Structure formats: C-alpha cells, structure tokens
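Descriptive analysis of the structure
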Amino acid sequence: MSRFRKLSQTLWHCQYHIVWTPKYRYRIISGKLVTDVENCVRAFSEKLRCEIDELNVQLDHVHLLVMIPPKISVSQYAGTIKGRTAIRILNKYKELKQKPYWGNHFWSRGYCVDTVGLDREMIRKYIKYQEEKERKEEEQPLF
C-alpha cells in the first residue's frame, strides 16, 4: 500500500503533528472527559475526511498525528476541531462554563504544528509513550 492518497487530480501525503492545550493549560482532561475529547476529535476529523494516525489526550494537552488533504488548511482543520470539541464539551460539562476563568472557551487560542516526513514512526512512538514518561517523572521525589 502506498503512503500517498488520491484526490481527483492530486497525489498527496500531508501529515502533521498537532498539539494544543486547555485554557491556561489547566490539568483537567481526565476520566470521561478524555473519552469525550477523543470521540469528538475522531468524529470531526472523519467529517473533514482527515485520517488520524495517532491520538493521545493527556491531562493538560492533546497530541494528534493526522493526515490532512491539501484542500484543507492546517489552520482550518485545527480551528474546526478545537471549536467543535469545545462546544460539545462545554454543553455536556456545564460546570466548566460556570468557572469565571473559562467563559465560553475550553481550549487555549493557539496550537503547535509540525510537518511529518520520514521520521513518522519516531513521532508516533513519542505521542504514544509520552504520557507514561510524564507519569514516571511526576512519581519521582523532588529531593
């Protein structure tokens, strides 16, 4: 199987590593919220015809390795995913809206994006195992 995808007149392979955080990078994504964020990201990516290669939702950020067709800009994709998941999450978890620092915003304004070339497997492993690494680091005593 080729790593390239086809549109009507285009062969493409546009893969991106995208990371974004909740507002103020609060560590609030846990429990059922993790599953809801994952499901929203997967559902809206499918609607945009984007393929998720790896997805890891952590307490204070989301890692995503995704193939985005060239007819969709990365900023359009990130805006759609962040905007629609925020609407769903804030409608389902109304207590998050009540906090004075949230308002109608769940995610922070920006995101980090990097193109993925030949080092795809290395990035997949990083996304997959980063949570374990962070957990081990947090368990170590400070002194």
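Here is a short report on the structure shown in this document. (Residues numbered from 1 in each chain as written. Predicted model: local features only at pLDDT ≥ 70, side-chain atom pairs only at ≥ 80, totals over all residues. Heavy atoms only, no water.)

Section: the packing of helix H1 (residues 32–47) against helix H2 (residues 74–92)
- For the pair H1 and H2, the least separation of the axes is 9 Å and the interaxial angle reads 140°. As summarised for this structure, H1 and H2 are arranged oblique, according to the angle between their axes. H1 and H2 meet at a crossing whose hand is right-handed. Where H1 abuts H2, its residues Lys-32, Leu-33, Asp-36, Val-37, Cys-40, Val-41, Phe-44 and Ser-45 lie against Tyr-77, Ile-81, Arg-84, Thr-85, Arg-88, Ile-89 and Lys-92.
- A breakdown of the residues in the contact of H1 with H2 according to their chemical character gives eight nonpolar, two polar and five charged. (Axes fitted to C-alpha atoms, helices over the stretch in contact; angles between N-to-C directions. Helix = DSSP H or I, 4+ residues; strand = E, 2+ residues; numbered from the N terminus. Parallel < 35°, antiparallel > 145°, perpendicular 65-115°, else oblique. Left-handed = near helix turned anticlockwise from the far one by under 90°. Contact = heavy atoms within 4.5 Å. Nonpolar A, V, L, I, M, F, W, Y, C, P; charged D, E, K, R; others polar.)

Quick word on the sheet that holds strand E4 (residues 51–57)
- Strand order in this open sheet of four strands is E4-E5-E3-E6, and the pairing throughout is antiparallel. The sheet terminates laterally at E4 and strand E6 (112–115), the two strands that pair on one side only. Across the sheet, the axes of successive neighbouring strands diverge by a mean angle of 15°, strand direction being ignored.
- With six bridges joining them, E4 and strand E5 (residues 62–67) adopt antiparallel strand pairing. In the strand pairing of E5, Glu-54 is matched with Leu-65.
- This element, helix H4 (residues 120–139), spans strand E3 (15–20), E4 and E5 of the sheet and lies at about 30° to E4. (Pairing = 2+ DSSP bridges.)

Here we look at the nonpolar core
- Ile-29, Val-37, Ile-68, Tyr-77 and Phe-106 are the most contacted members of the largest nonpolar core, which totals 31 residues.
- Mapped by element, the contributors of at least two residues to this core are E3, H1, E4, E5 and H2.
- Beyond its immediate chain neighbours, meaning those up to four positions away, Phe-106 contacts Pro-22, Lys-23, Ile-28, Ile-29, Leu-33, Ala-86, Ile-89, Leu-90 and Leu-96. (Core = buried A, V, L, I, M, F, W, Y, C linked by side-chain atoms within 4.5 Å. Buried < 20%, exposed > 50% of the residue type's maximum accessible area, 1.4 Å probe, protein only.)

A closer look at H1
- In a regular helix each residue adds 1.5 Å, so 16 residues correspond to 22 Å; H1 covers 23 Å between its end C-alpha atoms and thus fits that length.
- Residues of H1 that are buried include every one of Leu-33, Val-34, Asp-36, Val-37, Cys-40, Val-41, Phe-44 and Ser-45, and no others. Relative to the axis of H1, the buried residues are bounded by an arc of 165° and lie together on one face. Every exposed residue of H1 that faces more than 90 degrees away from the buried side is listed here: Lys-32 and Glu-46.
- Next to the buried residues of H1 lie E3, E4, E5 and H2.
- Once H1 ends, the next one or two residues include Arg-49, with phi positive near 60°. (Expected span 1.5 Å × (residues − 1). Arc of directions from axis to C-beta.)

Thoughts on the packing of aromatic side chains
- Under the defined criterion, the tally for this structure stands at three aromatic pairs.
- Relative to Trp-107, the ring of Phe-106 lies with its centre 4.7 Å away and its plane at 80°, an arrangement referred to as edge-to-face. With respect to class, Phe-106 is no different from Trp-107; both count as buried.
- Just above the ring of Tyr-24 sits the side chain of Lys-23; from NZ or CZ to the centre is 5.6 Å. (Phe/Tyr/Trp six-rings, centres within 6.5 Å; stacked < 30°, edge-to-face > 60°. Lys NZ or Arg CZ within 6 Å of the ring centre and 35° of its normal.)

With respect to the pairing of E3
- With respect to burial, E3 is a largely interior element, six of its six residues being buried.
- Of the two faces of E3, the one lined by Gln-15, His-17 and Val-19 and the one lined by Tyr-16, Ile-18 and Trp-20 are each fully buried.
- With six bridges joining them, E3 and E5 adopt antiparallel strand pairing. Within the sheet, the bridge partner assigned to Tyr-16 lies in E5 and is Val-66.
- Examined bridge by bridge, E3 and E6 share four bridges and lie antiparallel to one another. Bridge pairing in E6 links Tyr-16 to Thr-115.

Fair warning: the whole summary comes from geometry, so function is off the table for now.
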